[in-house]
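If you want the building blocks of each chain, they are given just below.
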Amino acid sequence: MNIRPAQPLEAIAGFAALLREHGLKVGIAEQQAMVRAALSLPLDRWKQVDAAWRAIACHDARDWRRWAELFERYWHPQRLKGSTKVSGQTRPNRSLQQLVQSLHEGMAGGTPPPQRATSDVALNAPALPPDEPGQGRAQGGASRTEALHDRSLSQWLPQDLAQLERLAEQVALRLRKRLTRRWHDSATGHRLDVRRTLRASLRTGGLPLNPVWRAPRRERPRLFILVDVSRSMETHAQLFLRIARAFVLAMDARVFVFHTRLAEVTPLLRSDSAAVQEKVNAVTAGFGGGTRIATSVADFHAVHARAQLTRSARVWVLSDGFDADEPPCLAEELARVRGRGARIAWFHPSEQPPASMAMRAVNEQRGLVERYARLNSLRDLASLAEQAL
Amino acid sequence: MTDADLRVSLQRVGHLADEALATTLWLAGELQRPLLVEGDAGVGKTALAVALAQARGQRLVRLQCHEGLDLSQAAYEWNYGKQLLAIRLHETQPGERVREADLFARDYLLERRLLQAISSDAPCVLLIDEIDRADEAFEAFLLEVLADYQITVPELGTVTARHVPQVVLTSNGTRELSDALRRRCLYHYLDHPTLAREIAIVRATLPQAEGQLVEQAVAFVQKLRRDDLSKKPGIAETLDWVRALHRLDFKALPDDPLALVPTLACLLKTREDRFQMGEDRIRQLMEGRRSVGVAEKAPQQI
């Protein structure tokens, strides 16, 4: 099947839809630019469409890294190794060379210019073309999207990581930048910056002709993530660390791991290394058996984060709540964290919130843990991203 | 000029760009869109803009961003001293009264980098270096400049570009840039060069260095980058290192790793990295260079 002249714009729109589905911000303007780029390139240089479109559609390093796979998947699905063909589905036949040629012929044949043509129904196509793989449509009663979202995070696959990072970024966006307390009192939001005004007045012989105003100060909450890496959390710890890493990258969170003691692993998570788990294992190698959450939390607020636990701090504990310390200790230590103004959220892999003795003592003190949330699948993380945290 | 021509021009001025980068640079000119270049420090983002200006034979206007950069430092400023002087001069002449329009004329305007690029008589390349270091307020101001290539001076009116400058923005990712700015730009992520490209770059820049030394040194750096370093050496560091080795009269990498240790200051810029790169690790990396093919084992000591 060859691409007819009427189809190039639809094919580009389908490609843009695929890019959007994977988190790239590709709107009408980008699609118009893609068409213009394809038209600007000489026909014999059609292979450079890849580089040209990449420059247009990608807006950051993450998009850049994802591009090659998405481009291949859409335009050269036959080249992808390991992709499975779903029964009853026809493999799309898209030739980039033909597409560029069709666009050029369309222009030469006096069809409407690309700017107008791209704003037609083809670019407003809400979804992928019918033969596009990867969309969430049901086949024979089963939806592949559902399966991906609901799969337990203990069975995570490396390809889930990109989605996981995107969701973590969405959560980080919701946590991003609130007005500081001092600015809450100022209704107008204008304050004179005396130092900079005086400095600027030197240029005008000491006359403060150009007053300098302070911009309202917005700060993002300081996020601390405590990840339980004890035996009972073995199956989830690795992915929880991946989630924590996404927050380190997205909003400079500080990450600690604990089972019988607490250790900070933020520097280890900064570099994208396959050996993250090995490093964390090395850090926690000397720890004894069991889980001592209360001791770890005490160490956390008294030593590691003493100066940073303020009203704007958020503490997320990723644990199943089984504590080998005395049951009331955990509530006491969490109360000390809460006393500094930090807000605590507890994420658990189980269906119900943890109900150990220690957690029961915590729950008896109202408002100590602000919220409990299940974190066992990408769907859970997605729902977190939708809620205000 | 096609993208292939631009690539040749870049090569002529000593910048070896790959095909994709040349296409992106060419496209930025065709679509008259700014180009945002990101990448690790030392991969050649700034050098790219400099080379582009040389390749096109155009003037390079460079705006170095920093915290607190404002309109008066980046775009324009009224020359208050000159204005005050003009007022005093008029006061000394009886009967003459200075008019406001006279004082806010082009003569009293100090053009900073952005306005210089916009009002330039000839096409130029505008490099906005390390945009992530500037404040968000400046980024917002930049949106107007990059969208319409014009700057509004309230007292004078709007200055529109006679020739749309080719804008190159660089960022090291110390701060997240706004979506609005990103979407106005074409984007290119400049990665560390491949082995062959890096050898070609070093040879082009340091033709006096021995070929064997260049190949071995670049292979060593490539392996070093795969290590878990907190600051990976860029192409600038490779050039520094090869230059240092050449000055020390090395024709090839020495067999003794201890001889290399003092020169590693050119490559490793943090305490942890220096600590991590002990004699044994250097030996491992160097022994790797002697292997031919992936199947051959490192020489074993008897």
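Everything below is about the structure shown above.
These numbers come from a predicted model, not from an experiment.

Quick look at the overall build of chain A
Summing up its helical and strand segments, chain A has 17 helices and 10 strands in all. Relative to its full complement of 389 residues, chain A shows a buried share of 49%. Here the analysis covers contacts within chain A between residues at least 6 apart in sequence; of these, 73% occur between residues at least 24 apart.

With respect to the nonpolar core
The biggest cluster of nonpolar side chains holds 99 residues, and the ones touching the most others in it are A:F15, A:W53, B:L114, B:I128, B:I131 and B:F138. Residues in contact with A:F15, not counting those within four places in the same chain, are A:M34, A:W53, A:W67, A:L70, A:F71, A:Y74 and A:W75. With 39 residues, the next largest nonpolar core counts A:A172, A:L223, A:L241 and A:V265 among its residues.

Regarding helix 2 (residues 19-31) of chain B
All names here are of chain B. Counted at 1.5 Å a residue, the expected span for helix 2 with its 13 residues is 18 Å, and the 18 Å between its end C-alpha atoms agrees. Among all positions in helix 2, only L21, A22, T23, T24, L25, W26, L27, A28 and L31 are buried. Immediately downstream of helix 2, the backbone of Q32 shows phi near 55 degrees, a positive value.

A look at the packing of aromatic side chains
Residue and element names in this part refer to chain A. Per the stated rule, a full pass over the model turns up 16 aromatic pairs over all chains. Between F15 and Y74, the aromatic rings sit 5.3 Å apart at their centres with planes inclined by 40 degrees, giving tilted as the arrangement. Residue F15 is found in helix 1 (residues 8-21), and its partner Y74 is found in helix 4 (residues 61-75); the two are separated by 59 residues along the sequence. When sorted by exposure, F15 lands in the same class as Y74, which is buried. In this structure an aromatic cluster arises from ring pairing among F15, W53, W67, F71, Y74 and W75. The residue whose ring lies beneath R54 is W64, and the NZ or CZ to ring-centre distance is 4.1 Å.

Quick look at the side chain of A:S296
Residues and elements named next belong to chain A. By secondary structure assignment, the location of S296 is in helix 14 (residues 293-304). Assessed through its relative accessible area of 2%, S296 is described here as buried. A polar side-chain atom of S296 sits 2.7 Å from the main-chain carbonyl oxygen of R292. Not counting residues up to four positions away in its chain, the partners in contact with S296 are F258, H259, T260, R261 and L262.

Let's talk about the pairing of strand 8 (residues 313-318) of chain A
All names here are of chain A. Here strand 8 lies mainly inside the structure; 6 of its 6 residues are buried. Two elements, strand 5 (residues 222-228) and strand 8, share 6 bridges in a ladder whose sense is parallel. Along strand 8, the bridge assignment pairs R222 with A313. Taken together, the 5 bridges between strand 8 and strand 9 (residues 343-348) define a ladder with parallel strand orientation. When the sheet's bridge partners are listed, W316 is paired in strand 9 with A345. Each parallel crossover has a hand, and for strand 8 linked through helix 15 (residues 327-339) to strand 9 it is right-handed.

What about the pairing of strand 6 (residues 150-153) of chain B?
Residues and elements named next belong to chain B. Because side chains alternate across strand 6, one face comprises the buried residues I151 and V153, and the other comprises Q150 and T152, none of which is buried. As defined by bridge partners, strand 6 adjoins strand 7 (residues 157-160) across 4 bridges and the pair is classed as antiparallel. Paired with V153 across the two strands is G157, which belongs to strand 7. Where strand 6 folds back onto strand 7 in an antiparallel hairpin, the turn is made up of 3 residues.

A word on helix 4 of chain A
Residues and elements named next belong to chain A. A rise of 1.5 Å per residue sets the reference length of helix 4, with its 15 residues, at 21 Å; its end C-alpha atoms lie 22 Å apart and thus fit the reference within 8%. Largest kink in helix 4: about 40 degrees, centred on W67. For helix 4, the complete set of buried residues consists of A61, R62, D63, W64, R66, W67, L70, F71, Y74 and W75.

What about the sheet that holds strand 7 (residues 262-264) of chain A?
Backbone hydrogen bonds hold the strands of a sheet together, and the pairing may be parallel or antiparallel. Residues and elements named next belong to chain A. If you walk across this open sheet you meet the 6 strands as 7-6-5-8-9-10, and the pairing is mixed. The open sheet is flanked by strand 7 and strand 10 (371-374), the only strands paired with a single partner. Averaged over all pairs of adjacent strands, the angle between their axes in this sheet comes to 20 degrees, without regard to strand direction. Note that strand 5 and strand 6 (residues 254-258) share 5 bridges and pair parallel. By the bridge assignment for strand 6, L226 is matched with F256. Against the sheet, helix 14 engages strand 5, strand 6, strand 7, strand 8 and strand 9, with an angle of about 145 degrees to strand 6.

Description of a nonpolar patch on the surface
Residues A:L192, A:V194, A:L198 and A:W213 make up a contiguous nonpolar surface patch of about 400 Å² in total accessible area. With respect to the helices and strands, A:L198 occurs in helix 10 (residues 194-201).

Some thoughts on the interface of chain B and chain A
Taken residue by residue, the interface counts 29 residues in chain B and 30 residues in chain A. Interface area for chain B against chain A, summed over the two sides, is near 2500 Å², with a carbon-plus-sulfur share of 53%. Here chain B is connected to chain A by 4 salt bridges. Inspection of the chain B/chain A interface yields 8 residue pairs in polar contact (both at pLDDT 80 or more). Looking at the side of chain B that touches chain A residue by residue, the classes come out as 11 nonpolar, 6 polar and 12 charged.

Remarks on unusual backbone geometry
Residue and element names in this part refer to chain B. The phi angle at Q32 is positive, at roughly 55 degrees, despite the residue not being glycine. Within the secondary structure, Q32 is located in the loop between helix 2 and strand 1 (35-38). Relative accessible area serves as the criterion here: at 47%, Q32 is assigned to the partly exposed category. Phi at D249 takes a positive value of approximately 65 degrees, unusual for a residue other than glycine. Following the sequence through the fold, D249 ends up in the loop between helix 12 (235-247) and helix 13 (271-276). The class for D249 is exposed, based on a relative accessible area of 57%.

A word on the sheet that holds strand 5 (residues 124-129) of chain B
Residues and elements named next belong to chain B. Read from one edge of the open sheet, 5 strands run 2-5-8-1-9, paired in parallel fashion. Because the sheet does not close on itself, it has two edges, and the strands there are strand 2 (59-64) and strand 9 (186-189). Strand-to-strand twist in this sheet, taken as the mean axis angle between neighbours without regard to direction, amounts to 20 degrees. Sheet topology places strand 1 next to strand 8 (residues 166-171); 4 bridges connect them, and they run parallel. Residue pairing in the sheet places L35 in a bridge with V168 of strand 8. Packing against the sheet, helix 3 (residues 45-56) makes contact with strand 1, strand 2, strand 5 and strand 8, and its axis sits at approximately 165 degrees to strand 8.

About the cut-offs
- Residues numbered from 1 in each chain as written.
- Chains lettered and ligands numbered in written order.
- Predicted model: local features only at pLDDT ≥ 70, side-chain atom pairs only at ≥ 80, totals over all residues.
- Heavy atoms only, no water.
- Helix = DSSP H or I, 4+ residues; strand = E, 2+ residues; numbered from the N terminus.
- Buried < 20%, exposed > 50% of the residue type's maximum accessible area, 1.4 Å probe, protein only.
- Contact = heavy atoms within 4.5 Å.
- Core = buried A, V, L, I, M, F, W, Y, C linked by side-chain atoms within 4.5 Å.
- Expected span 1.5 Å × (residues − 1).
- Phe/Tyr/Trp six-rings, centres within 6.5 Å; stacked < 30°, edge-to-face > 60°.
- Lys NZ or Arg CZ within 6 Å of the ring centre and 35° of its normal.
- Polar contact = N/O pair within 3.5 Å; in protein donor to acceptor, adjacent residues only side chain to side chain.
- Pairing = 2+ DSSP bridges.
- Right-handed = clockwise from strand over helix to strand, strands pointing away.
- Bend = angle between axes of the 7 residues up to and from the residue.
- Axes fitted to C-alpha atoms, helices over the stretch in contact; angles between N-to-C directions.
- Patch = residues over 30% accessible without salt bridge, like charges linked within 9 Å, V, L, I, M, F, W, Y side chains within 5 Å.
- Areas by Shrake-Rupley, 256 points an atom, 1.4 Å probe, with all protein chains shown as cover.
- Salt bridge = Lys/Arg side-chain N within 4 Å of Asp/Glu carboxyl O.
- Buried area = accessible area lost by both parts, 1.4 Å probe.
- Nonpolar A, V, L, I, M, F, W, Y, C, P; charged D, E, K, R; others polar.

The values are spatial; any link to function lies outside them.
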